[in-house]
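Observations on chain architecture
Here is what each chain is made of, one letter per residue.
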Amino acid sequence: MSGQSNKGTAVVTGASAGIGAVYADRLAGQGYDLVLVARRADRLEELAEKLRRAYSHKVRVISADLADDNDVRRVEQTISADDSVTLLVNNAGIGGAQVVATADADAAERMIKVNVIALTRLTRAVLPGFLARNRGAVVNIASVLAFDTSFGGIYSGTKAYVVNFTEALQREVADTEVKVQVVLPGATRTDFWEIAGGDIDQLPKEIIMTADDLVDAALVGLARGEAVTVPGLADAAKLETFLGARQAFYGSLHADKPAARYAA
């Protein structure tokens, strides 16, 4: 049983396995009640019962397919109306190394709906309440592939959206007590790879992180107020250099006339 005081309710999507299940366990241990969201109702309820016994906190489950518009709206309505919600972890995601020319259009749409649209709508559902109460946190799980398209433009494109969306959110809440964090996992040993049609064991073992280690590092980053958490990055200065260079590059993109190199 956790001896910590209740911190409100944490909503975790994609909670039935992998990173989401670890978040659920860690957050219950920190003193949160939980709302767990995922498609697989049986696995959700099994996890919920395990957490109830271990931590004596309230654990509710919502079986929902976040690629389904009606299910997303049902989750939105539930969490926006719950004033106890203080943390949203947008972890649910669909992977796959689809090449655009041969991708199944319906599968691509489903990926975009879960990785982008559901994440956006659920964030929008809780944010007004967080701002009104001047309390709360949003954690968005992106990927290091937001910066690399070798895994396919559809997936990496959705994760690049998550990074940009989260950075913009951070500006919105900068003068409040609301926290917003984006987490960029690298290769993480979960069933995500198998579901996406990949084989994580084809990668070098030294770059594969466990879900437990990933989540523990991400929660340390959240507690420290990090805006961007990259658990696999050993030299934090590299992140600052990258972000600074990107901002400087953006500043060079504006002019009242086309650059001389475009002269006819």
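First, a word on scope: everything that follows refers to the structure included in this document. (Residues numbered from 1 in each chain as written. Predicted model: local features only at pLDDT ≥ 70, side-chain atom pairs only at ≥ 80, totals over all residues. Heavy atoms only, no water.)

Some thoughts on the overall build of the protein chain
Note the threshold: Secondary structure elements follow DSSP: runs of H or I of four or more residues count as helices, runs of E of two or more count as strands, with numbering from the N terminus. Computation of the radius of gyration draws on C-alpha atoms, with the globule rule given as 2.2 Å multiplied by the number of residues to the power 0.38. Accessible area is worked out with a 1.4 Å probe on protein chains only. A residue is then buried under 20% of its type maximum, exposed over 50%, and partly exposed in between. Two residue types count as positive, namely Lys and Arg, and two as negative, namely Asp and Glu; His and chain ends fall outside the count. For this purpose, a charge sits on NZ of Lys, CZ of Arg, CG of Asp or CD of Glu.
Helix and strand counts for the protein chain stand at eight helices and nine strands. Relative to the globule expectation of 18 Å for 264 residues, the C-alpha radius of gyration of the protein chain, 19 Å, shows essentially globular dimensions. Dimensions of the protein chain, computed from C-alpha atoms along their principal axes, come out at roughly 70 × 45 × 40 Å. Counting the 264 residues in the protein chain, one finds 45% classified as buried. A distance of 3 Å separates the average location of the 28 positive side-chain charges in the protein chain from that of its 33 negative side-chain charges.

Here we look at the packing of aromatic side chains
Stated formally: Two aromatic rings from Phe, Tyr or Trp, using only the six-membered ring of Trp, form a pair when their centres are within 6.5 Å; if the ring planes differ by under 30 degrees the pair is stacked, by over 60 it is edge-to-face, and anything between is tilted.
Considering all chains together, one arrives at two aromatic pairs under this definition. Ring geometry for Phe147 versus Phe242: centroids 5.0 Å apart, planes at 65°, classification edge-to-face. With a gap of 95 residues between them, Phe147 in the loop between β5 (137-141) and α5 (153-172) and Phe242 in helix α8 (residues 236-251) connect regions that are remote in the sequence. Accessibility expressed as a relative area gives 44% for Phe147, which makes it partly exposed. On the basis of relative accessible area, Phe242 is assigned to the partly exposed category, the value being 36%.

Quick look at the pairing of strand β1 (residues 9-13)
Regular strands have side chains that alternate between both faces of the sheet. Our working definition: DSSP-based pairing: two strands are paired if at least 2 bridges between them are found. Handedness of a crossover: with both strands directed away from the viewer, a clockwise path from the first strand across the helix to the second marks it as right-handed.
Along β1, five of the five residues are buried, which leaves the element largely enclosed by surrounding structure. The pairing of β1 with strand β2 (residues 33-38) spans five bridges and is parallel. Across the sheet, residue Val11 finds its bridge partner in β2, namely Val35. For the segment spanning β1, helix α1 (residues 18-30) and β2, crossover handedness is right-handed. The pairing of β1 with strand β4 (residues 85-90) spans four bridges and is classified as parallel. The partner of Val11 across the bridge, within β4, is Leu88.

Regarding the environment of Lys113
Using the following cut-off: We call two residues contacting when some pair of their heavy atoms lies within 4.5 Å.
Take Lys113: it is sitting in helix α4 (residues 105-133). For Lys113 and Val85, which are 28 residues apart along the polypeptide, the C-alpha to C-alpha distance reads 23 Å. Those residues in contact with Lys113 that lie beyond four places of it in its chain are Leu66, Ala67, Asp69 and Ala118.

A word on the side chain of Thr229
The line we're drawing: Pairs of N or O atoms within 3.5 Å make up the polar contacts considered here, provided that, within protein, one atom can donate a hydrogen while the other can accept it, and that residues adjacent in sequence are counted only when both atoms are side-chain atoms.
Here Thr229 shows up in strand β9 (residues 228-229). Within the structure, the side chain of Thr229 is placed 2.8 Å from the side chain of Gln181, a separation counted as a polar contact.

Things to note about the sheet that holds strand β3 (residues 59-63)
Definition in use: Lines are fitted to the C-alpha atoms to define the axes, a helix being fitted only along its stretch in contact, and any angle between axes, read from their N-to-C directions, falls within 0 to 180 degrees.
Spatial ordering of the open sheet is given by β3-β2-β1-β4-β5-β6-β9, a layout of seven strands whose pairing is parallel. Either end of the sheet is taken by a strand with one partner, and the two such strands are β3 and β9. Against the sheet, helix α2 (residues 41-55) touches β2 and β3, its axis set at about 175° to β3. Contacts between α4 and the sheet are confined to β1, β4 and β5, with β4 contributing the most and set at about 155° to the helix.

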